[in-house]
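Notes for the structure review
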Amino acid sequence: MEREIIEEIRNKSVFLIASHIRPEGDAIGSALALAISLNNMGKEVTVFNQDPIPRNLQFLPMSTEIVHEIDDSFHYDVALVLDCGDLDRVGNVAEKIRRTGKIINIDHHKTNSGFGDLRLINTYKSSTGEILYDLLQEIPIPITYEIAVNIYTAILTDTGAFCHSNTTARTFQIAGELVTRGVNPSTVAEEVYERQSASRLRLLALVLNTLEISDHGKVGSVVVLSSMLERVGATPDLGENMVDYPRSIEGVRVAVLFREVSKDQYRISLRSDGCIDVADVAKEFGGGGHSRASGCGVKGSLPEVKDKVFPAIRRRLIGSLE
Ligand SMILES: [Mn+2]
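Every chain is numbered independently, its residues counted from 1 as its sequence is written. Where local features are concerned, this predicted model is filtered to residues with pLDDT of at least 70; where side-chain atom pairs are given and counted, the filter is 80 or more; whole-chain, interface and lining totals use all residues.

1. A look at the domain arrangement of the protein chain
The domain limits used here are those given by an automatic or database domain assignment. Splitting the protein chain by domain gives domain 1 (2-193) and domain 2 (199-321). For domain 1 versus domain 2, the distance between C-alpha centres works out to 27 Å. Any residue pair is listed as a contact if its two C-beta atoms, each placed from the backbone, are within 7 Å. Contact residues are listed per partner, giving eight residues for domain 1 and nine residues for domain 2. In this classification, the charged set is Asp, Glu, Lys and Arg, the nonpolar set is Ala, Val, Leu, Ile, Met, Phe, Trp, Tyr, Cys and Pro, and all remaining amino acids, among them Gly, are polar. In terms of residue class, the side of domain 1 that touches domain 2 is built from one nonpolar, four polar and three charged.

Structure follows, in C-alpha cells:
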C-alpha cells in the first residue's frame, strides 16, 4: 500500500493534512514535516488542527500556518490523516473529510480502525514521525532542516525523550540522521521541556495532592479538576501530562489521570508498564491508544468514574500478575 500512497502524493496536487484534537508533538511535528515536504515538491497544502498549538510546539517551522477552521467550499484532492486511531479524532472536520476526496491514513496506534482509502499503519514504530521519515525517503524527498526538526520533535515527544519502550535502535538511527541535518538536541529539548509556565507548576502542586495509591501499590492516580485550573489560571492542556507523575513511582504498574471535562464527564489517561494492555481498558469505554498508553472519556461524577475505571484495571491486573 506504501507504493500507492507514494503515487498519490506524486500525482495529486492539492492536499489537506489533519491530525488529532488536543495535539502533541507527534500530531504537530508529523503534520508539519509532511506539509513542508509537499510544499517543497510544489504541491498546495493546508494543515488543519481543530485545537490551538501548545505553547512549547510553537517554535516548530511552519507552525503558525496551521489553520483551525476549514471552509466548506475548500477543495482538495487527498486528505492525509496523521496520528489518528480513528477518523473522528480529527474533530469537527471528520464529516467533510469523509465526504471529500481520497483519505490516506498514516498512524502507529494499535487501536487504529483501518479507516481511509489507503493506509500506512505500523504499530511497531515509536511515532507517526518515524513512519513518515521512511516514507519521505521512498518518495524521495530531501530532508531539509525544517523537515528534520519537525520529525525529531515528533519522535522525541512520543518516546518520552527516548525513554519509553517504543524506542528502538531504528529510532536512534533516525534521530542521529536528523541531527546530521542540523537538529540540535539540546535546543529542541529546551524548547519542548523547559518552557513551562509558572501556572503549570502551581497546578502540579495541587494535582500531586490528589495522589492515590491502590492495589498494593500497583495503581497510582491523580485528578485534575476545573476548579484547580481556575485557581492557578491554567488552561486545560496544562493538565495533560500529569499522568507521568504517578507513573514514575516505584512499584506502580498502572497510572491513571482523571481530568474533569464537565461536572459529569471525565477524560481518562492510562499508562501501563506492560503488565496489562491499557488500550484494551480504554476500548471498554469507547477510547483507544497503545498497549502502554491510552485514553478515553467516561461519564459520571468523579466517584462514579473511579468506580468504573479502577475495577476495569483491577480485573486485568489480577489476571496478569498471578
Ligand atoms: Mn503518535
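2. Re the nonpolar core
Where a protein is soluble and globular, its nonpolar side chains tend to be buried together. By definition, a nonpolar core groups buried Ala, Val, Leu, Ile, Met, Phe, Trp, Tyr and Cys residues that connect through C-beta atoms lying within 7 Å of each other. For every residue, the other C-beta atoms within 10 Å of its own C-beta are counted; 20 or more classify it as buried, 12 or fewer as exposed, and values in between as partly exposed. C-beta atoms are placed from the backbone. Counting 53 residues, the largest nonpolar core has Ile17, Leu80, Ile151 and Tyr152 as its most contacted members. A helix here means a DSSP run of H or I that spans at least four residues, while a strand means a run of E at least two residues long, and both kinds are numbered starting from the N terminus. With nine residues, the single largest contributor to this core is helix 2 (residues 25-40). Sequence-distant contacts of tyrosine 152, defined by excluding residues within four places in its chain, comprise Ala175, Leu178, Val183 and Val188. Core analysis: the second largest hydrophobic core is formed by 35 residues, Leu204, Tyr266, Ile268 and Ala279 among them.

3. Digging into the sheet that holds strand 8 (residues 254-262)
The sheet built from six strands is open, its strands ordered 6-7-8-9-11-10 with mixed pairing. The outermost strands of the open sheet, each flanked by one partner alone, are strand 6 (212-214) and strand 10 (288-289). Each pair of strands is called paired provided DSSP finds at least two bridges between the two strands. The pairing of strand 9 (residues 265-272) with strand 11 (residues 293-299) spans seven bridges and is classified as antiparallel. The residue of strand 11 that forms the bridge with arginine 271 is alanine 293.

4. A short note on the packing of helix 4 (residues 128-138) against helix 5 (residues 145-158)
Contact geometry for helix 4 and helix 5: axes closest at 7 Å, N-to-C directions at 145 degrees. Contact with helix 4, carried on its side by Thr128, Gly129, Glu130, Leu132 and Tyr133, involves Ile151, Ala154, Ile155 and Asp158 of helix 5 and no other residues of that element. Residue classes in the contact of helix 4 with helix 5 are distributed as five nonpolar, two polar and two charged. Interaxial angles span 0 to 180 degrees and are taken between N-to-C directions of axes, which are lines fitted to C-alpha atoms, for helices over the stretch in contact.

5. Quick word on helix 5
Working note: α-helix, 3.6 residues per turn, so residues spaced by three or four point in the same direction. Helix span, expected: 1.5 Å multiplied by one less than the number of residues in the helix. Spanning 14 residues, helix 5 covers 20 Å between terminal C-alpha atoms, matching the ideal 20 Å at 1.5 Å per step. Residues of helix 5 that are buried include every one of Ile147, Ala148, Val149, Asn150, Ile151, Tyr152, Thr153, Ala154, Ile155, Leu156, Thr157 and Asp158, and no others. Residues of helix 5 that are buried in the fold lie against helix 2, helix 4, helix 6 (169-180) and helix 7 (185-193).

6. Topic: the sheet that holds strand 4 (residues 102-107)
On the basis of which strands lie adjacent, the open sheet formed by five strands has the order 2-1-3-4-5 and parallel pairing. The open sheet has two edge strands, strand 2 (44-48) and strand 5 (118-121), and neither has a second partner. For this sheet the average axis-to-axis angle between neighbouring strands, irrespective of direction, equals 15 degrees. Two elements, strand 3 (residues 78-82) and strand 4, share five bridges in a ladder whose sense is parallel. Bridging from a neighbouring strand, leucine 82 pairs with isoleucine 106 of strand 4. Strands strand 3, strand 4 and strand 5 of the sheet are contacted by helix 1 (residues 2-11), whose axis makes an angle of about 120 degrees with strand 5. The strands touched by helix 4 within the sheet are strand 3, strand 4 and strand 5, with strand 4 carrying the most contacts at an inclination of about 115 degrees.

7. Considerations on the pairing of strand 11
Most of strand 11 sits inside the fold, with five of its seven residues counted as buried. Pairing between strand 10 and strand 11: two bridges, direction antiparallel. Paired with glycine 289 across the two strands is serine 294, which belongs to strand 11. Linkage of strand 10 to strand 11, two consecutive antiparallel strands, is achieved through a turn of three residues.

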